[in-house]
Amino acid sequence: MELLNVAQLSTNLLKTLNLPPSPPKLPLIGNIHQVGKLLHHSLRDLSKKYGSLLLLQLGYNSNNHDIVFSDRSRTTAANIFFYKCKDMACAPYGEYWRQVKKMSIVQLFSRQSVQSFQFIRDEEVELLINKIRSDCLKESLLSNRHSYRKRLLILFTSLCVGDMFPYLRWVDVLTGLIPSMKTISAELDAFLDQDFLSIIMQLQKNGAFEMDLTQENIKAYWTYMFVAGIDSSTTTKVWMMAELLKHPNAMKKVQEEVRNVVGNKLKVDAEDVKTLRLHPAGPLLLPRQTSASVKFGGYDIPSNTTVLINAWAIQRDPKWWENPEEFIPERFENSSIDFKGQDFQLNPFGFGRRRCPGIAFGVASIEFVMANLLYWFDWKLPAGETAENMDMAELYGLTVTKKTPLHVLPISHFSL
Ligand code: HEM
């Protein structure tokens, strides 16, 4: 298991505890200089040297195991974007989170609920396929653009100096980080006020929810759903298409499979797993925070320690996977490895109490969209780009996307 601690500890505590191994620190800044822009890569490299459970000091702050690891850290970004952590993902582990989760499972995430939205997926996918058909006639390239949603996700994971050294909070204002966060948050807020809030408030009046929600609760909740829920599925689809274009044999095989199972049984389920192993949408899951001190792997983990789980590194670890960096379509044939939180070597949706509740939604959307795209069209790279020279660089954020947009040329497989 690979775990990483970003601790904020007093020097006295450091001396008395048996803490996990740690790279040498510099005065004041601790280990900050050892992490780069792609945090999940830096952490994997450090843990190769210092072990799978490793402690980093990234500043200080005066502020059964699953429960202890079930809290979330309250960062400046989470406070700005999610109305002081009133959404479900960043809410502290406690009564409010329990109530919101209960309500969500009944109203939104149940199997029936996911199925009941199939008619919307049908309508949206039909629109998408028709749009691509007309692009085929014009021979135009499709590409995924980085939206303002993406800007929010990148800002969300930007390290605020003030979260580590509270007296330096002014630096985040000076560098423009906090003003940028506030601008995007205000844009989203206006959107939610305009189109959304009145509908939800009406549902509340009609008794649709078990608990009374304030406007801020509702906006925080939906901001996360819109931004992270949608983006994680979109990111996975982009990586899936990129990997398939990079591996034409895998593309051919999956298209044959999809075209052999016509109708509403269109499925590309095994491809989800292959893509989510190499490109988990959230490579470090969502940061956890310990709510009490705990002994873990023989080490003392103090209370209030931020814990990052490097799912990306675990899913590429040669300890668990043969040829870990390779996209091998046959890898999961006849394999019982579960990707929904049971097997620790494959954990793209997290685990335990704070595991992603949107798995069924995410998977339904990825499978249905991808199956249709692969069924109706053949896909080519634009002139000058080949499977070998495709740029697969990553852009770090709450979800890790392709750095350069994916450009593809659709060719209708059936005569128009
Ligand atoms: C491919 C699609 C998706 C992936 C890879 C994904 C991944 C994740 C991960 C890694 C976490 C953190 C889990 C942890 O801390 O252990 C998470 C949490 C969460 N996800 Fe997803 N997710 C996806 C789709 C969705 C969708 C479609 C929704 C909503 C409609 C959603 C809603 C949430 C919520 C609300 C949480 C916070 C749960 C909590 O803190 O209690 N996710 N997701």
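Residues numbered from 1 in each chain as written. Predicted model: local features only at pLDDT ≥ 70, side-chain atom pairs only at ≥ 80, totals over all residues. Heavy atoms only, no water.

Per an unreviewed UniProt entry, the protein chain carries the name Cytochrome P450 and comes from Gossypium darwinii. The UniProt entry for the protein chain carries this comment under Cofactor (unreviewed entry): "heme". (UniProt positions renumbered as here; feature names shortened; annotations may be inferred.)

Trainee: Pulling in residues and values, what's your account of the site of the ligand?
Mentor: Around the ligand, the structure places 26 residues, and the nearest of them are Arg72, Trp97, Arg288, Arg354 and Cys356. Here an oxygen atom of the ligand and a side-chain polar atom of Trp97 are 2.7 Å apart. Contributing elements (two or more residues each) for the shell around the ligand: helix H4 (95-109), helix H12 (215-246) and helix H16 (359-376). Across the shell around the ligand, the residue classes break down as 16 nonpolar, seven polar and three charged. (Near = heavy atom within 4 Å. Polar contact = N/O pair within 3.5 Å; in protein donor to acceptor, adjacent residues only side chain to side chain. Helix = DSSP H or I, 4+ residues; strand = E, 2+ residues; numbered from the N terminus. Nonpolar A, V, L, I, M, F, W, Y, C, P; charged D, E, K, R; others polar.)

Trainee: How would you explain the environment of Gln315 if you had to name every residue and give the values?
Mentor: Looking at the secondary structure, you find Gln315 in the loop between helix H15 (311-314) and H16. With 27 residues separating them along the chain, Gln315 and Arg288 place their C-alpha atoms 19 Å apart. Aside from chain neighbours lying at most four places away, what touches Gln315 is Leu276, Arg277, Pro280, Trp321, Gln345, Leu346, Asn347 and Pro348. (Contact = heavy atoms within 4.5 Å.)

Trainee: Just give me the short version of the packing of helix H6 (residues 118-138) against H16, but keep the residues and values in it.
Mentor: For the pair H6 and H16, the least separation of the axes is 11 Å and the interaxial angle reads 30 degrees. Taken as a pair, H6 and H16 cross one another with a handedness that is right-handed. For the pair H6 and H16, contact is made by Gln118, Arg121, Asp122, Val125, Leu128, Ile129, Ile132 and Arg133 and by Phe361, Ala364, Ser365, Phe368, Val369, Asn372, Leu373 and Trp376, respectively. Partitioned by chemical class, the residues of the contact of H6 with H16 number ten nonpolar, three polar and three charged. (Axes fitted to C-alpha atoms, helices over the stretch in contact; angles between N-to-C directions. Left-handed = near helix turned anticlockwise from the far one by under 90°.)

Trainee: Break down the state of the cysteines for me, citing the residues and quoting the values.
Mentor: Summed over all chains, the structure comprises zero disulfides. Residue Cys85 stays outside any disulfide, its sulfur separated by 5.4 Å from that of Cys90, the closest cysteine. (Disulfide = S-S within 2.5 Å.)

Trainee: Talk me through the nonpolar core; I want residue IDs and the actual numbers.
Mentor: Ranked by internal contacts, the top residues of the largest apolar core, which has 31 residues, are Met241, Leu244, Leu245, Leu373, Trp379 and Leu406. Only H6, H12, helix H13 (248-260), H16 and strand E9 (377-380) provide two or more residues apiece to this core. In terms of nonpolar packing, the next biggest core, distinct from the first, is built from 23 residues, Cys90, Ile178, Leu188 and Tyr224 among them. (Core = buried A, V, L, I, M, F, W, Y, C linked by side-chain atoms within 4.5 Å. Buried < 20%, exposed > 50% of the residue type's maximum accessible area, 1.4 Å probe, protein only.)

Trainee: Kindly report on the UniProt feature "binding site: heme" (unreviewed entry) in the protein chain, identifying the contributing residues and their values.
Mentor: As annotated by UniProt and renumbered to match this structure, "binding site: heme" (unreviewed entry) occupies Cys356. Considering the arrangement of structural elements, one finds Cys356 in the loop between H15 and H16.

Trainee: Describe in detail the pairing of strand E12 (residues 407-412), supporting the description with residues and values.
Mentor: Here E12 shows one buried face, formed by Val408, Pro410 and Ser412, and one open face, formed by His407, Leu409 and Ile411. In this structure, E9 lies alongside E12, joined through four bridges in antiparallel fashion. Residue pairing in the sheet places Phe377 in a bridge with Ser412 of E12. (Pairing = 2+ DSSP bridges.)

Trainee: Explain H13 to me, and be specific about the residues and the numbers.
Mentor: Here H13 is 13 residues long and its end C-alpha atoms lie 18 Å apart, about the 18 Å a rise of 1.5 Å per residue gives. Turning to H13, its buried residues are Ala250, Met251, Val254, Gln255, Val258 and Arg259. Taken down its axis, H13 places every buried residue within 155 degrees of arc, on the same side. Turned more than 90 degrees away from the buried face of H13, the exposed residues are Asn249, Lys252 and Asn260. (Expected span 1.5 Å × (residues − 1). Arc of directions from axis to C-beta.)

Trainee: Outline the environment of Arg74, listing residues and values.
Mentor: Within the element layout of this structure, Arg74 appears in the loop between strand E3 (71-72) and helix H3 (76-81). For the pair Arg74 and Gln289, spaced 215 residues apart in the sequence, the C-alpha separation amounts to 8.9 Å. Beyond its immediate sequence surroundings of up to four residues, Arg74 is in contact with Cys85, Pro92 and Gln289.

Trainee: Account for the packing of aromatic side chains, naming residues and giving values.
Mentor: Going through the model one piece at a time under the given rule, you end up with 14 aromatic pairs. Look at Phe69 and Phe296: their rings are 5.3 Å apart centre to centre, the planes differ by 75 degrees, and that puts the pair in the edge-to-face class. In this pair, Phe69 sits in the loop between strand E2 (53-57) and E3 while Phe296 sits in strand E6 (residues 294-296), placing the two residues 227 residues apart along the sequence. Each member of the pair, Phe69 as well as Phe296, carries the same accessibility label: buried. When the ring of Phe339 is compared with that of Phe349, the centres are 5.8 Å apart and the planes differ by 45 degrees; the resulting orientation is tilted. One end of the pair, Phe339, is in the loop between H15 and H16; the other, Phe349, is in the loop between H15 and H16, and ten residues separate them in sequence. Ring-pair connections join several aromatic residues into one group, and the members of that group are Phe82, Phe156 and Tyr224. Over the ring of Trp321 we find Arg277, and its NZ or CZ is 5.2 Å from the ring centre. Note that Arg288 overlies the ring of Phe351, its terminal NZ or CZ placed 4.7 Å from the centroid. (Phe/Tyr/Trp six-rings, centres within 6.5 Å; stacked < 30°, edge-to-face > 60°. Lys NZ or Arg CZ within 6 Å of the ring centre and 35° of its normal.)

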